[in-house]
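# Architecture at a glance
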Amino acid sequence: MPPLVVILRTERGVRVENVEKILSNRINNVGEEQYLVRWRTQTKTQRPPLSWHGLSELSRCLELVQDYLEVKLYSSSCRKRKSPDDDDNHDAERISPAERRLKRESRASSTVSSSSNSSLSPSLHHMPHNEFPEIKIYNGVFDEINGYIVARCASTPDMDHVNIHDVPTAQMLAIARRSSTRQAEELIRAEIIRRLRLLSGPKVHLINTYDSSSPCLRFQFITEYVLREGVIKLDPATTVGCQKCSPHMGRDIGCEYTKKCDCLEYAAVDENRLTAEEKELYKYIKKHGGDTTGLPKKFPYYAEGTKRAKTGCLVPFYLKSRNPIYECNDNCKCGRDCRNKNVQFGRRMELEIFKTKSRGWGLRCRKDLREGEFVDTYRGEVITDKEATRREESGGKSKASYLYSLDKFAETEGIPQEEIYVVDGEFMGGPTKFMNHSCEPNCRQYTVSYNKHDAKIYDIAFFACRDIPAMEELTFDYLDKDEEDEDGDEQSESQPGEDAVPCLCGAKKCRKWLWT
Ligand SMILES: C[S@@+](CC[C@H](N)C(=O)[O-])C[C@H]1O[C@@H](n2cnc3c(N)ncnc32)[C@H](O)[C@@H]1O
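Residues numbered from 1 in each chain as written. Predicted model: local features only at pLDDT ≥ 70, side-chain atom pairs only at ≥ 80, totals over all residues.

Per an unreviewed UniProt entry, the protein goes by SET domain-containing protein and derives from Glonium stellatum. What the UniProt record of the protein gives under Subcellular location (unreviewed entry) is the line "Chromosome". One UniProt comment on the protein, placed under Subunit (unreviewed entry), says "Component of the NuA4 histone acetyltransferase complex." (UniProt positions renumbered as here; feature names shortened; annotations may be inferred.)

### Some remarks on the overall build of the protein
Each helix and strand in the protein was counted, giving 11 helices and 20 strands. The contacts in the protein between residues at least 6 apart in sequence include a share of 71% that link residues at least 24 apart. (Helix = DSSP H or I, 4+ residues; strand = E, 2+ residues; numbered from the N terminus. Contact = placed C-beta atoms within 7 Å.)

### Section: the site of the ligand
With respect to spatial proximity, 16 residues lie near the ligand, and among them Gly360, Trp361, Ser401, Asn436 and Leu504 are the closest. Tallied by class, residues from the shell around the ligand come to eight nonpolar, five polar and three charged. (Near = placed C-beta within 6 Å. Nonpolar A, V, L, I, M, F, W, Y, C, P; charged D, E, K, R; others polar.)

### Focus on the pairing of strand S5 (residues 148-153)
Both strand S4 (residues 140-145) and S5 contribute to a ladder of six bridges, which runs antiparallel. In the sheet register, Val141 faces S5, and the bridge partner there is Arg152. Connecting S4 to the antiparallel partner S5 that follows it, the hairpin turn spans two residues, and Asn146 within it adopts a positive phi of roughly 50°. (Pairing = 2+ DSSP bridges.)

### Focus: the UniProt feature "domain: Post-SET" (unreviewed entry) in the protein
Feature annotation in UniProt assigns "domain: Post-SET" (unreviewed entry) to the following positions: residues 499-515. Helix makes up 0% of residues 499-515 and strand 0%, with an end-to-end C-alpha separation of 11 Å.

### A word on the sheet that holds strand S12 (residues 374-377)
The mixed open sheet is built from four strands, whose spatial order is S9-S18-S19-S12. Taken across any chain shown, the strands that pair with only one partner, and hence form the sheet edges, are strand S9 (325-326) and S12. Of the pairings in the sheet, the one linking S9 to strand S18 (residues 443-449) comprises two bridges and is parallel in character. Bridge pairing in S18 places Ile325 opposite Val448.

### Some details on unusual backbone geometry
A cis amide bond links Val167 with the next residue in sequence, Pro168, at an omega value of 0°. With respect to the element layout, Pro168 can be found in the loop between S5 and helix H5 (170-178). Despite not being glycine, Lys512 shows a phi value in the positive range, around 80°. Classification of Lys512 by C-beta neighbours within 10 Å gives partly exposed; the count is 14. (Buried ≥ 20, exposed ≤ 12 C-beta atoms within 10 Å, placed from the backbone.)

### Some remarks on the nonpolar core
Among the nonpolar cores identified, the biggest contains 54 residues, and Cys242, Cys255, Cys263, Val423, Cys443, Ala461 and Phe463 are the most heavily contacted of them. At the level of secondary structure, the elements contributing two or more residues to this core comprise S9, strand S10 (351-355), strand S11 (361-365), S12, strand S13 (381-384), strand S15 (421-424), S18 and strand S19 (459-464). Looking at which domains feed residues into this core, each of domain 2 (206-235 + 343-480) and domain 3 (240-311) gives three or more. If you look at the next biggest cluster of nonpolar residues, it comprises 26 residues, including Leu55, Leu69, Ile137 and Ala154. (Core = buried A, V, L, I, M, F, W, Y, C linked by C-beta atoms within 7 Å. Domains from an automatic or database assignment.)

### Focus: the confidence of the model for the protein
When pLDDT is low, close inspection of the predicted coordinates is not appropriate. Looking at the protein as a whole, its pLDDT mean stands at 82, while 80% of the residues score no less than 70. In this model residues 76-127 is a low-confidence stretch, pLDDT under 50, and it forms 63 contacts with partners more than four residues away in sequence or in other chains. (pLDDT = per-residue confidence, 0-100.)

### Remarks on the sheet that holds S15
Strand order in the open sheet formed by four strands is S8-S13-S15-S14, with mixed pairing between adjacent strands. Each edge of the open sheet carries a strand with a single partner, namely strand S8 (226-227) and strand S14 (403-405). As paired elements, S8 and S13 share two bridges and run parallel to each other. Note on S13: the bridge partner recorded for Val226 is Glu381. Here helix H9 (residues 385-395) sits on the sheet in contact with S13, S14 and S15, set at roughly 100° to S13. (Axes fitted to C-alpha atoms, helices over the stretch in contact; angles between N-to-C directions.)

### Digging into the environment of Pro296
Its place among the elements puts Pro296 in the loop between helix H7 (276-288) and helix H8 (316-320). Sequence spacing of Pro296 and Val231 is 65 residues, and the spatial spacing of their C-alpha atoms is 34 Å.

### Overview of the environment of Leu369
Structurally, the position occupied by Leu369 is in the loop between S11 and S12. Overall, the presence of 23 C-beta atoms within 10 Å leaves Leu369 in the buried class. In contact with Leu369, other than residues within four places in its own chain, are Ala464, Asp467 and Ile468.

Here is the structure:
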């Protein structure tokens with residue numbers, strides 16, 4: 001009986017959850033890129049189904065093709081992140097010596113295009129595509145259900161069986177090295193660009209002048225937080241707005257008449273504007289605690305007319321301090337044009353996600369930014385502290401770089417550690433996910449609250465902390481220090497831990513390690 005191998009037609013698809021891994025690549029006789037799929041099986045087997053597929057069938061598995069390409073082509077220039085459900089041990093068990101060799105060889109090679117690899121044996125190097133030896137993989141019985149290809153392990157004794165430890169074979173590796181993966185790279189890039197186009201607001205571009213890689217496909221662009229299990233945000237209807245203000249109050253610009261604005265109740269007191277009597281009162285409040293309602297507050301943003309070019313930029317008081325910014329909200333009486341509304345309207349500039357020389361992807365802006373100008377917020381899944389610990393422990397050291405604790409008010413509001421929420425931007429987020437660290441950054445992160453009664457959920461917003469020329473990389477300090485810590489801002493003497501990541505920011509005052 002002949003082997004039960006169904007010839008696969010191109011219009012059918014392979015579901016990502018049915019694929020364990022992509023093992024190799026080749027070009028078929030008509031110049032089509034094909035990828036060798038190892039199918040997922042219920043139980044571990046020496047002979048899981050294996051089959052070759054063109055990219056049209058793999059359009060739902062592009063992240064797995066990208067994983068394969070990262071190991072094959074880019075592992076020396078781009079750190080691979082793992083998906084949360086990546087079963088490492090299972091994988092380690094199944095990794096074949098040939099795969100290990102492929103990983104090692106691809107790391108050693110800095111060449112991106114496999115066709116320019118000079119380490120190939122001369123005979124294969126000069127072999128035209130249609131003379132590649134056919135590699136038959138007959139481990140699976142294939143079927144089609146609702147337009148999807150499905151595979152199961154073959155049980156027929158006369159089927160050619162291949163042991164997973166023998167795949168990819170040395171011959172496959174040699175062919176893979178010289179086979180172009182350009183079609184897959186272009187498809188992956190097109191998918192990222194498609195997702196970026198769906199983002200609301202000004203365009204976000206993708207630029208790579210170093211290699212042909214794209215940002216990880218296991219990432220969803222979002223513009224709002226995604227709240228996960230156990231995270232409770234106060235209903236927006238319960239958000240208290242300022243009731244004594246109006247659109248034409250004070251200086252005809254709304255809540256800048258800060259003594260009245262309820263939203264600014266908890267904002268920093270403007271000590272320069274206190275009367276002698278108020279000064280006494282404020283001294284008392286600082287010592288014993290109490291209500292600062294009715295005292296003038298620091299307004300966060302430049303108003304129109306004061307410094308025209310700076311309209312809407314953060315004023316130096318906030319820029320240089322770590323005071324939270326309290327913006328007005330939809331329940332306020334001040335109206336939409338209130339100057340105390342800024343971050344809530346979102347990003348207003350085009351950005352570029354670009355490939356850096358040594359730090360993966362980075363972010364930059366196409367126009368000059370002024371000191372104090374709002375760039376964008378940090379977005380992600382909002383998770384509980386317990387879930388963050390679980391994710392951190394399962395994700396390894398790279399995980400820490402995407403977790404952001406919403407602990408600004410924890411001390412003042414007495415929120416215990418286990419009740420603090422954490423933003424995880426690894427798998428969902430905005431373009432700011434790509435902002436790299438610098439020990440001498442040009443941006444800084446600020447707390448922005450729209451509901452002064454919700455101390456657990458607020459925005460993290462990036463503002464330019466100095467004028468930034470167009471196309472300069474946007475960076476911030478991953479160690480979000482408070483003012484007190486910054487006073488002795490000498491270079492850290494602390495010894496880096498075992499997992500420390502060398503800092504490549506290139507600043508004169510570089511502290512040498514991330515998070516030190
Ligand atoms: C939030 S991500 C930034 C975006 C990242 N470059 C990417 O390609 O996805 C943080 C990671 O970027 C890298 N990174 C950021 N700043 C760096 C720096 N100054 N030196 C070395 N690596 C840096 C580190 O791998 C870090 O874990």
